[in-house]
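# Analysis of the macromolecular model
Now for the letters of each chain:
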Amino acid sequence: AKDEWDFEHLGITNEPFIKANYPHHEGIWGWGDVADQVVMMVRNIRRSLVEYHDILWDIGYAKTWHEANEHLGNLYTEAPPLEDFYAWRDKRVLDECNWYGWFID
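Residues numbered from 1 in each chain as written. Predicted model: local features only at pLDDT ≥ 70, side-chain atom pairs only at ≥ 80, totals over all residues. Heavy atoms only, no water.

### Describing the overall build of the protein chain
When its secondary structure is counted, the protein chain shows 4 helices and 2 strands. Ordered by position from the N terminus, the helices and strands of the protein chain form the series β-α-β-α-α-α. Within the span of the protein chain, comprising 105 residues, buried residues form 23% of the whole. At a minimum sequence separation of 6, the contacts of the protein chain that also span at least 24 residues come to 42%. Counting every atom, the protein chain has about 7700 Å² of accessible surface; 55% of that belongs to carbon and sulfur. (Helix = DSSP H or I, 4+ residues; strand = E, 2+ residues; numbered from the N terminus. Buried < 20%, exposed > 50% of the residue type's maximum accessible area, 1.4 Å probe, protein only. Contact = heavy atoms within 4.5 Å. Areas by Shrake-Rupley, 256 points an atom, 1.4 Å probe, with all protein chains shown as cover.)

Take a look at the structure:
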């Protein structure tokens, strides 16, 4: 599987599964006009925010594909401190809920 940022910056290929932050506001619809729908599969909704934070922490809370690419070697190498998650969660949880609600509607 590819990441949706790969499609945006490296070009579209035919992939059956894409790891994506889309429909999250930080995600990218990398298919252009080749596709117009998405099936969202969330493995465990109770863990999704924790896992999302862990990846953000791994890539240094990158805001761009280039910044994230510089930190790819950090992915899944260590767990973030729990205090970092709590601080991020307390600041973002209501926004994250609204963004998921926006997609579901």
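### Quick notes on the packing of aromatic side chains
Here the structure, examined in full by the defined rule, presents 3 aromatic pairs. Relative to Trp 88, the ring of Phe 85 lies with its centre 6.3 Å away and its plane at 35°, an arrangement referred to as tilted. Remark: Trp 88 and Phe 85 occur in helix H4 (residues 82-104); sequence separation between them is 3 residues, near one turn of the helix. A single burial state applies to Phe 85 and to Trp 88, both of which are buried. One aromatic cluster in this structure is built from Tyr 52, Phe 85, Tyr 86 and Trp 88. (Phe/Tyr/Trp six-rings, centres within 6.5 Å; stacked < 30°, edge-to-face > 60°.)

### Focus on the environment of Ala 62
With respect to the element layout, Ala 62 can be found in the loop between helix H2 (45-58) and helix H3 (65-70). Overall, the relative accessible area of 9% leaves Ala 62 in the buried class.

### Observations concerning the confidence of the model for the protein chain
Taken over all residues, the pLDDT of the protein chain has a mean of 79, while the share at 70 or more is 71%. No element of the protein chain has a lower mean pLDDT than strand S1 (residues 2-3), at 64, and none a higher one than H3, at 90. (pLDDT = per-residue confidence, 0-100.)

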